[in-house]
Structures are given as C-alpha cells and as structure tokens.
Amino acid sequence: MIKVTYLGHSGFLAELEDVCLLFDYYKGELPELDPDKKMAVFVSHSHYDHYRKDIFRLRDRFGQIRFILSDDVPAAEEEDVIFVRPNECREVLGLDITTLRSNDEGVAFLVKYKNRTIYHAGDLNWWHWEGEPDAYNTKMRRSYQSEINKLQKEKIDVAFVPVDPRLGEQYCLGLDCFMKRTETAKVFPMHFWETYDIFDRLLLEKCTEDYQDKIVRIDREGQSFLLEE
C-alpha cells in the first residue's frame, strides 16, 4: 500500500512501509510521520514553487534522511545532500533513483523501491505556449516525447504529472502523452495552480477516455489517498 498526500502545487508525500518520499515541497503542512522511517527529500529544480530552504529543518525530525537535489538548486554541500544531473542513476537509502532531463529546468525522478515505482515529473512537460514561435513549441514537444519514451518499458505505480491551465487548450498534452506511452496505474495531475476545476475538464476530454479511471482527483491541500497494490 502507498499513502499519498497532496501538499500543494507539485508537492507530494508518498509513504511506503519504511520510507517516505517527499517531492518538491514548498508549501502546505506535512502530516505526522514515524521518525523511525527513512526520509528521502527530492527537489526537481530551483524554481520557488518547487524548492524552499525550510526542507532542511526536517533533519531534526528524522534519523535517516537524504536530500536528492537537482544540481541547479542553491544549497550547501553536506553529508546528507546528493546533487544529481539529468540521466543519472543513484542508490540512496535503498532507493534506485533515475533522473530524466527536464525541458524547463532541472530533472524528473523515477524512483524504485522494492516492488514499487514512483515517477515525479518536476517541470518536465509538453510546454506548448500560444504566442511562441512554432519552432519553440516543436522543440518542447520533441524533447518531452524523447524523455517519456525512456519510460515505455516501466511499470509505474504512481505518477505525478503537470497539467498547467496557463497552457490553455494544450494543458493536458503532456499528461495524455505520458499515459498513452507508459504503463501507469495511478496518476496525480499537478502544477495546476489551485485550479481544482481542472479535474472536471480532464473528465470531459475525449483524449482521456482510456485512462480516466487512473486519474486521481484532488480537491484540497493536505488530502491523502490510500492506494492498494
């Protein structure tokens, strides 16, 4: 079983039997957690809506903690801090961590632990902006598809993928590509800027018909979900 708590924006906590995975935490309140569990804190890049320095206060709450940070994050080098670049594989606290290259800043994370696989996109997305030159949008599409293609053989239990409403009608291109090219059991849309009615939009999109039952609807910050195997 995996317990997932939505902390706000792109911030999520995934609790497994003996380890907690905290992704892009910059707002919201953490639930009470077992201090004896291992804690892995992931930061995909340095943007203010994905990183805050307060995460290092978690050292006071957990005996076994590591911070896995994209190398663009302005943090001090410490014994428990691991900086990562795109296309790296690391083993940290028993976690097998693979990074993808974001087409915005930093990295995306694919994390394997025992028989579980969790994906957090960070700002890796199909960024199609109205008003940008066709060449720019084509580059974003190709770079996104190239990275997602690396995940086609993976069986992903939980994924966190952007659906940014600022993209207008193109807001779900990245989610649609991801779900149709990967074998993912449950997906949490994120990076939706507290626009919760985006979930109503997703359920009306014809392109999502084949995987609507895999989309987890979020209604508020601090909401938790128990995902069965």
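Look up: the structure comes first, before these words.
In this text, all values refer to a predicted model and were calculated from it rather than measured experimentally.

Asks: Please clarify how the pairing of strand S9 (residues 107–113) should be interpreted in this entry.
Replies: For a regular strand, the rule is simple: side chains alternate between the two faces of the sheet. In terms of residue burial, S9 counts as a mostly covered element, since six of its seven residues are buried. Where S9 lies against strand S10 (residues 116–120), five bridges are found, and the strand directions are antiparallel. Paired with lysine 112 across the bridge in S10 is threonine 117. Here S9 hands over to S10 after two residues, with lysine 114 in that stretch at a positive phi of 55 degrees.

Asks: Just checking my understanding: could you explain the sheet that holds strand S2 (residues 11–15) for this structure?
Replies: The strands that make up a sheet are held in pairs by hydrogen bonds between backbone atoms, and each pair lies either parallel or antiparallel. Ordered by their spatial adjacency, seven strands build an open sheet running S6-S5-S4-S3-S2-S1-S13, and the pairing between neighbours is mixed. Strands at the two margins of the open sheet, each flanked by one partner only, are strand S6 (81–84) and strand S13 (224–227). Averaged over all pairs of adjacent strands, the angle between strand axes in this sheet comes to 20 degrees, irrespective of strand direction. Bridging between strand S1 (residues 2–8) and S13 involves four bridges; their strand directions are antiparallel. Looking at S13, one finds that lysine 3 is bridged to leucine 226.

Asks: So what exactly am I meant to see when it comes to the nonpolar core here?
Replies: Across soluble globular proteins, nonpolar side chains have a tendency to be buried as a group. In terms of nonpolar packing, the biggest core is built from 61 residues, with Leu21, Phe42, Tyr119, Phe178 and Phe188 touching the most fellow members. In terms of residues, this core owes the most to one element, S9, which gives six residues. Leave out the neighbours within four places in its chain, and phenylalanine 188 touches Val4, Phe12, Val158, Ala159, Phe160, Val161, Val216, Ile218, Phe225 and Leu227. Counting residues in hydrophobic clusters, the runner-up holds 21 residues, among them Leu13, Leu30, Phe67 and Val73.

The rules behind these values
Residues numbered from 1 in each chain as written. Predicted model: local features only at pLDDT ≥ 70, side-chain atom pairs only at ≥ 80, totals over all residues. Heavy atoms only, no water. Buried < 20%, exposed > 50% of the residue type's maximum accessible area, 1.4 Å probe, protein only. Helix = DSSP H or I, 4+ residues; strand = E, 2+ residues; numbered from the N terminus. Pairing = 2+ DSSP bridges. Axes fitted to C-alpha atoms, helices over the stretch in contact; angles between N-to-C directions. Core = buried A, V, L, I, M, F, W, Y, C linked by side-chain atoms within 4.5 Å. Contact = heavy atoms within 4.5 Å.

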